[in-house]
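Architecture at a glance
One-letter residues, chain by chain:
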Amino acid sequence: MTIKIAILGLGTVGQGVYETLLSHGQYISEKLGTDTELVGVLVNDSSKQRNLPNNIPITTNYHDILSKDVDVIIEATVGDHPAFEYLSQAIEKGIHVITANKAMFARYGKKLKEKATKNQVHIGYEATTASGTPILRTLKQLLQVNQIEKMEAILNGTSNYILTEMTMNHTSFEDALEQAQEKGYAEANPSNDVDGHDAFYKSMILSELVYGQQPNWEYVYREGIREISNDQIQHAAQRGQKIKHIATVEMRNGEVAASIQPMQINDEHPLYSVDGVNNGITVHTDILGTFTLTGPGAGKLPTASAVIEDLVYVFHKEVKLEKQFI
Ligand SMILES: NC(=O)C1=CN([C@@H]2O[C@H](COP(=O)(O)OP(=O)(O)OC[C@H]3O[C@@H](n4cnc5c(N)ncnc54)[C@H](OP(=O)(O)O)[C@@H]3O)[C@@H](O)[C@H]2O)C=CC1
Ligand SMILES: N[C@@H](CC=O)C(=O)O
């Protein structure tokens, strides 16, 4: 049996997934014991020039995708809608889904997971949080007994890239943001990055995964990095500190609390040396103690890496459907 794949969205992430299927196709087939085939790609704008061979059908009509005999849909579009409806329909048809869309998943992840369980399909969403750095499955599968008391994290690659450029190279905020956009780190609407929305969505996904619940969104303090000046960064540097954009999610008196804001930290903080586009998460647990995971937090190939690893996980011969996917 050949595994038939469709991709929704062919921007930075979708293109990266296509290129990785091509570059690592043989290795993926060996792992899965079967071939994979890209049977369709959904885009928004049919007039755009695409970097795809002619034999891969591109459509702007989702029904063209659903009418094919698809085994898994990889979703890399932008925003809540119609992504949520697309994935709901796929799941109801018994199609596995993998998503990179954290805005949609923060809001609708719980519903989609419930639907997936009901329809006995998997949802992969490692790419939604910290791109390819394997945070979600590490937390879910390797810490089954430890209680996670608190997480502190740098979750937006664009903001960390901008702050690092401003700190190390005295680059202006505007120039650093432009660089992040050119490198494919920033969202289509970069306000998502620099005003803290993106880190907020990722924090909510982490909260749901670790604590099984999210705080009331209205009570989460969210502040981005837009107002931070080069002067503030240099003053902090003179005191041996860096300004980092940090999300905190913790269990307080039986309730989850979260905040997302710029903070000044010194070199004793585990996130001090997480620079550039990297993300990092420091996890405080009751048995293991404190540990930090760090790695690339945005970009074409790091994000494709998470999607492809989810793909292999979903279809790996030894994975049984009754095992709960993250
Ligand atoms: N860039 C990154 O580093 C990361 C991004 N993500 C997430 O992955 C998703 C994709 O990001 P990215 O690739 O950077 O975004 P891009 O803006 O580069 O690409 C988005 C793609 O989605 C398509 N699209 C948008 N709306 C629709 C729609 N309604 N129907 C069909 N196609 C649609 C666009 O079509 P068209 O080409 O026709 O305009 C485009 O191909 C986002 O949700 C983002 O938050 C997650 C991790 C990292
Ligand atoms: N725009 C996001 C992309 C990855 O999630 C970021 O910069 O972190």
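Parameters at a glance
Residues numbered from 1 in each chain as written. Chains lettered and ligands numbered in written order. Predicted model: local features only at pLDDT ≥ 70, side-chain atom pairs only at ≥ 80, totals over all residues. Helix = DSSP H or I, 4+ residues; strand = E, 2+ residues; numbered from the N terminus. Expected span 1.5 Å × (residues − 1). Buried ≥ 20, exposed ≤ 12 C-beta atoms within 10 Å, placed from the backbone. UniProt positions renumbered as here; feature names shortened; annotations may be inferred. Contact = placed C-beta atoms within 7 Å. Pairing = 2+ DSSP bridges. Near = placed C-beta within 6 Å. Nonpolar A, V, L, I, M, F, W, Y, C, P; charged D, E, K, R; others polar. Axes fitted to C-alpha atoms, helices over the stretch in contact; angles between N-to-C directions. Left-handed = near helix turned anticlockwise from the far one by under 90°.

Moving on to helix α12 (residues 300-315). A rise of 1.5 Å per residue sets the reference length of α12, with its 16 residues, at 22 Å; its end C-alpha atoms lie 23 Å apart and thus fit the reference within 8%. Taking burial as the measure, the 16 residues of α12 include twelve buried ones, the bulk of the element. When α12 is considered as a whole, its buried residues turn out to be Lys300, Pro302, Thr303, Ala304, Ser305, Ala306, Val307, Ile308, Asp310, Leu311, Val314 and Phe315.

What follows deals with the UniProt feature "binding site: L-homoserine" (unreviewed entry) in the protein. The positions that UniProt labels "binding site: L-homoserine" (unreviewed entry) are, in the present scheme, Glu187. Note on placement: Glu187 falls in the loop between α8 (173-182) and α9 (191-194). Contact partners of Glu187, with chain neighbours within four places excluded, come to Asn192, Asp193 and Asp198.

Once that is clear, we can look at the pairing of strand β7 (residues 148-154). By the bridge criterion, six bridges tie β7 to strand β11 (residues 278-285) in an arrangement that is antiparallel. When the bridges of β11 are listed, Met151 appears paired with Val283. Sheet analysis places β7 next to strand β9 (residues 241-252), joined by four bridges and oriented antiparallel. Looking at β9, one finds that Glu152 is bridged to Thr248.

Moving on, we come to the sheet that holds strand β5 (residues 96-99). Spatial ordering of the open sheet is given by β3-β2-β1-β4-β5-β6, a layout of six strands whose pairing is parallel. Sheet topology places β3 (58-59) and β6 (123-124) at the edges, where each strand pairs with a single neighbour. Bridge analysis of strand β2 (residues 36-42) against β3 gives two bridges, and the strand direction is parallel. The partner of Leu42 across the bridge, within β3, is Thr59.

A few words on the site of ligand 2. The environment of ligand 2 is formed by Ser131, Asn156, Gly157, Thr158, Tyr185, Ala186, Glu187, Asp193, Asp198, Gly297 and Ala298. For the shell around ligand 2, the per-class residue count stands at three nonpolar, five polar and three charged.

Next up on the list: the packing of helix α1 (residues 12-23) against α12. Contact geometry of α1 with α12 gives a least axis separation of 8 Å together with a crossing angle of 65 degrees. Relative to α12, the crossing made by α1 is right-handed. Contact residues: Thr12, Val13, Gln15, Gly16, Val17, Glu19 and Thr20 in α1; Lys300, Leu301, Thr303, Ala304, Val307 and Ile308 in α12. Partitioning the contact of α1 with α12 into residue classes produces six nonpolar, five polar and two charged.

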